[in-house]
Number of protein chains: 4
Amino acid sequence: MELNIILKNISSLENILNSEAVEDMINRILKANRIFIFGVGRSGYVGRCFAMRLIHLGLKAYFVGETVTPAYKKEDLLILISGSGKTEAVINVAKKAKKINNNIIAVVCKYGDLHKLADLTITLDVKKSNYLPLGTAFEEKAMIFFDLIVAELMKRLNKSEDDLLNEHCNLL
Amino acid sequence: MELNIILKNISSLENILNSEAVEDMINRILKANRIFIFGVGRSGYVGRCFAMRLIHLGLKAYFVGETVTPAYKKEDLLILISGSGKTEAVINVAKKAKKINNNIIAVVCKYGDLHKLADLTITLDVKKSNYLPLGTAFEEKAMIFFDLIVAELMKRLNKSEDDLLNEHCNLL
Amino acid sequence: MELNIILKNISSLENILNSEAVEDMINRILKANRIFIFGVGRSGYVGRCFAMRLIHLGLKAYFVGETVTPAYKKEDLLILISGSGKTEAVINVAKKAKKINNNIIAVVCKYGDLHKLADLTITLDVKKSNYLPLGTAFEEKAMIFFDLIVAELMKRLNKSEDDLLNEHCNLL
Amino acid sequence: MELNIILKNISSLENILNSEAVEDMINRILKANRIFIFGVGRSGYVGRCFAMRLIHLGLKAYFVGETVTPAYKKEDLLILISGSGKTEAVINVAKKAKKINNNIIAVVCKYGDLHKLADLTITLDVKKSNYLPLGTAFEEKAMIFFDLIVAELMKRLNKSEDDLLNEHCNLL
């Protein structure tokens, strides 16, 4: 039963993929000097999965709070992930970035407060269930959403799987 | 098009959910003193998403390599995630654990070498595509797979969403 | 020259080790149900080094923001590390913890704002130099400070090096 | 008493700072395209502290296993940290890098097996004590050692504290 809800949530991504918002997001990613990503908890792990693929694509990406993340500058892009749109640690990062530029994308399930700080908000709404607790349904949909963005970036950047493999961690 | 492949991959989880292997996995989780999880890269982030939910369920879980992970002992369970079944860092962890007990679960896409060290292997096979590069299709399916295990654990442990919220990080 | 400054900074720890504040800190650690630690950047890595030793000592310790960190509860202790005493992410964690209990220790170089939220503040002041940039001198002193706390905890808990080794990560 | 041992261990860094080995290390850092760093446990946190400062210096640095770490290539440098020189996870990384280039630096307390894979080995020997358990004395000395390397790099790169601040994380 949970599986059916999950499948419905994910299949509804079809509607969003050709939206103007997603086109705007892709263009911002391609134009940015560097892409900074942040989220807390499982949303953060979804964000890290995306950041890793951006690196494989040959783009410059960082996850806020990790060792080698440099200062955020005017030409950079910030992508924030929060199901509730209310995670305070995420909002605080948005506030700091807002002083530097107007290039903040929020990927949320509910508007919360984050959308007020974001320059572009992508809403991934989901049907929940008692046994897809807390942000589960959103996090799953967000994971697939970002993978589909990667697919689109591969096409636009004309990258093959081998190109990605060539940038993949080779020491572990 | 990628979305269709993803949906097919995930919907095929239905077959595995009622398998003896998954029943064995759930019983090992419920019986273990502590559950250790490991994977590299995006598989590692999928594993961390699962570890986090085990904590919310009130179980004792650790991700190998993180700050507070203690010594692995006889009564513990190790769950390893590797699409190729060949990730060396994962195999090395398996070898070390194998000297301590016979309670190692491998969640893989292909058998690789990992299944030889594992006491139980769950295979999540996927259809790939050029634009679901490297382990993408497996990682997505593994993410949903573990979330469905969480759903099942909630039922068996008689836990509500509020119970999980009560153990959820409250300082960020 | 930098080495001399570092040595002076560290040797001044002698004065603080027998202070009432440190005695208070040790007692809070021994009495707490679980010890939560947080800091950002290099202070965070110093904190993780300490958290790891607490685990080796057989205590229950967590680093805020890591995978398996559960909800902070009344009987827990929070130790925050910030050279400036002004790191916003640290202050935000303090604010959230303050609603739950009055058991917050701040380890700082300068008072900043953090001490207002802390129930106990340990000040590690340092002489700086142009070539010990940013928080370097503080972070070094904090690293040694926490190691000396570990030494004291070993004595009070009657733990040997072998006891610690027995809890040390054995899968990597 | 532990404090005295620590101070002696650290003060002995004076002898090594002007050694040919350290001069070689600094030149390799300045010449490398990118600097990859790895260590396990507390040695890993010391390595991350160093990686962070390399970023602040405007160099390209990565910690192996983190989200945005790309493939290791011929023109890169690998710095490994292991007190025992025997940590298997570290040795496995060295073996993989060895197939790519001969630019591996080992920072160790004891030779172990790591020095056989390294192209340059820096030995930081320490006096231990019962209450500086496991790698404590080495990790402290390594932390200060790397900070002194940072001091030297600042001088050679003609960088001020403000230059470093300009690259420092500004979103937390």
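Conventions and cut-offs
- Residues numbered from 1 in each chain as written.
- Chains lettered and ligands numbered in written order.
- Predicted model: local features only at pLDDT ≥ 70, side-chain atom pairs only at ≥ 80, totals over all residues.
- Heavy atoms only, no water.
- UniProt positions renumbered as here; feature names shortened; annotations may be inferred.
- Helix = DSSP H or I, 4+ residues; strand = E, 2+ residues; numbered from the N terminus.
- Buried < 20%, exposed > 50% of the residue type's maximum accessible area, 1.4 Å probe, protein only.
- Contact = heavy atoms within 4.5 Å.
- Areas by Shrake-Rupley, 256 points an atom, 1.4 Å probe, with all protein chains shown as cover.
- Lys, Arg positive; Asp, Glu negative; His and termini not counted.
- Charge placed at Lys NZ, Arg CZ, Asp CG, Glu CD.
- Phe/Tyr/Trp six-rings, centres within 6.5 Å; stacked < 30°, edge-to-face > 60°.
- Lys NZ or Arg CZ within 6 Å of the ring centre and 35° of its normal.
- Pairing = 2+ DSSP bridges.
- Axes fitted to C-alpha atoms, helices over the stretch in contact; angles between N-to-C directions.
- Buried area = accessible area lost by both parts, 1.4 Å probe.
- Salt bridge = Lys/Arg side-chain N within 4 Å of Asp/Glu carboxyl O.
- Polar contact = N/O pair within 3.5 Å; in protein donor to acceptor, adjacent residues only side chain to side chain.
- Nonpolar A, V, L, I, M, F, W, Y, C, P; charged D, E, K, R; others polar.
- Least-squares fit on C-alpha atoms with pLDDT ≥ 70 in both.

Taking an unreviewed UniProt entry as the reference, chain A is identified by name as 6-phospho 3-hexuloisomerase belonging to Methanocaldococcus villosus KIN24-T80. Taken verbatim from the UniProt record of chain A, the Sequence similarities (unreviewed entry) comment is "Belongs to the SIS family. PHI subfamily."

Here we take up the overall build of chain A. When helices and strands are tallied, chain A shows eight helices and five strands. Along its sequence from the N terminus, chain A presents helices and strands in the succession α-α-α-β-α-β-β-α-β-α-β-α-α. Over its C-alpha atoms, taken along the principal directions, chain A stretches across nearly 40 × 40 × 35 Å. Across the 172 residues that make up chain A, the buried fraction comes to 60%. Across chain A, every contact between residues at least 6 apart in sequence was considered, and the portion connecting residues at least 24 apart equals 70%. Total accessible area on chain A stands at roughly 6500 Å², and carbon and sulfur atoms take up 46% of it. In chain A, the 23 positive side-chain charges and the 20 negative ones have mean positions that sit 7 Å from each other.

Now for the packing of aromatic side chains. The full count for this structure, using the stated rule, is 22 aromatic pairs over all chains. When the centroid spacing of 5.8 Å and the interplanar angle of 15° are considered together, the rings of Y45 of chain A and Y45 of chain B count as stacked. Residue Y45 of chain A is located in helix α4 (residues 42-56), and its partner Y45 of chain B is located in helix α4 (residues 42-56); the two belong to separate chains. The class of Y45 of chain A is buried, set by a relative accessible area of 6%. Ring geometry for F36 of chain B against Y62 of chain B: centres 5.5 Å apart, planes inclined by 50°, an arrangement best described as tilted. Of this pair, F36 of chain B sits in strand β1 (residues 35-39) while Y62 of chain B sits in strand β2 (residues 61-63), and the two are 26 residues apart along the sequence. Under the relative-accessibility criterion, F36 of chain B is labelled buried at 0%. Since its relative accessible area comes to 12%, Y62 of chain B is described here as buried. Its end group placed over the ring of F63 of chain B, R48 of chain B keeps NZ or CZ at 4.0 Å from the ring centre. Lying across the ring of Y131 of chain D, K155 of chain C places its NZ or CZ 4.9 Å from the centre.

Here we take up the sheet that holds strand β5 (residues 120-123) of chain D. Residues and elements named next belong to chain D. Taken in spatial order, the five strands of this open sheet run β2-β1-β3-β4-β5, and their pairing is parallel. The sheet is open, and its two borders are formed by β2 (61-63) and β5, each paired with just one other strand. With strand direction ignored, the average angle separating the axes of adjacent strands in the sheet is 20°. The sheet contacts of helix α3 (residues 20-31) involve β1 (35-39), β3 (77-82), β4 (104-108) and β5, and relative to β5 the element is tilted by about 125°.

So, about the interface of chain B and chain A. Between chain B and chain A, the residue contacts involve 44 residues of the former and 42 residues of the latter. Each partner contributes to the roughly 3900 Å² buried at the junction of chain B and chain A, and carbon and sulfur atoms together form 75% of this total. Summed over the three residues of chain B that lose the most area to chain A, namely R42, Y45 and L134 of chain B, the buried surface amounts to 18% of that side. Linking chain B to chain A there are eight salt bridges. For the salt bridge of K128 of chain B with E161 of chain A, the shortest nitrogen-to-oxygen distance reads 2.7 Å. Viewed at the interface, chain A and chain B are joined by 16 residue pairs in polar contact (both at pLDDT 80 or more). Taken together, the elements giving at least two residues each to the side of chain B that touches chain A come down to α1 (2-11), α2 (13-17), α4, α5 (88-98), α7 (136-156) and α8 (161-167) of chain B. Among the elements that make up the side of chain B that touches chain A, the one with the highest residue count is α7 of chain B (10 residues). Residue classes in the side of chain B that touches chain A are distributed as 23 nonpolar, seven polar and 14 charged.

Attention now moves to the side chain of N103 of chain C. Residue and element names in this part refer to chain C. Inspection of the secondary structure puts N103 in the loop between α5 (88-98) and β4 (104-108). The buried category is assigned to N103, whose relative accessible area is 15%. Engagement of the side chain of N103 in a polar contact is seen with the side chain of R28, the distance being 2.6 Å. At 3.3 Å, the side chain of N103 forms a polar contact with the backbone oxygen of D76.

For the rest of this paragraph, the subject is the pairing of strand β5 (residues 120-123) of chain A. All names here are of chain A. By the alternation rule, side chains of β5 split into L120 and I122, which are all buried, and T121 and T123, of which none is buried. Judged from the four bridges that link them, strand β4 (residues 104-108) and β5 form a sheet pairing that is parallel. Within β5, the position partnered with I105 by the bridge is L120.

The subject of this paragraph is the relation of the copies chain C and chain D. Take chain C, turn it by 180°, move it 0.0 Å along the axis, and it overlays chain D with an RMSD of 0.0 Å. The superposition operator between the copies reduces to a two-fold rotation axis. Taking the C-alpha atom as reference, chain C places Y45 of chain C closest to the rotation axis, 2.7 Å from it. The overlap is high: 100% of the interface residues of chain C also sit at the interface in chain D, so the same surface is used on both sides.

To continue, consider the sheet that holds β4 of chain A. Two strands in a sheet stick together by hydrogen bonds in their backbones, pointing the same way (parallel) or opposite ways (antiparallel). Residues and elements named next belong to chain A. The strand order β2-β1-β3-β4-β5 describes an open sheet built from five strands, whose pairing is parallel. In this open sheet, the two strands that pair with only one neighbour each are β2 (61-63) and β5. Ignoring which end each strand starts from, the neighbouring axes of this sheet average 20° apart. Examined bridge by bridge, strand β3 (residues 77-82) and β4 share five bridges and lie parallel to one another. When the bridges of β4 are listed, S82 appears paired with V108. Sheet contacts for helix α5 (residues 88-98): β1 (35-39), β3 and β4; angle to β3, the most-contacted strand, approximately 160°.

Once that is clear, we can look at the interface of chain C and chain D. Contact with chain C, which involves 44 residues of that partner, is made by 44 residues of chain D. Summing the contributions of chain C and of chain D, the shared interface buries around 3900 Å²; its carbon and sulfur component is 75%. Ranking the residues of chain C by area buried against chain D places R42, Y45 and L134 of chain C at the top, with a combined share of 18%. Viewed at the interface, chain D and chain C are joined by eight salt bridges. Of the charged contacts, one joins E2 of chain D and K155 of chain C as a salt bridge, the two residues approaching to 3.2 Å between their closest N and O atoms. On the surface where chain C and chain D come into contact, there are 16 residue pairs in polar contact (both at pLDDT 80 or more). Listed by contribution, the elements that provide at least two residues to the side of chain C that touches chain D are α1 (2-11), α2 (13-17), α4 (42-56), α5, α7 (136-156) and α8 (161-167) of chain C. At 10 residues, α7 of chain C tops the list of elements feeding residues into the side of chain C that touches chain D.

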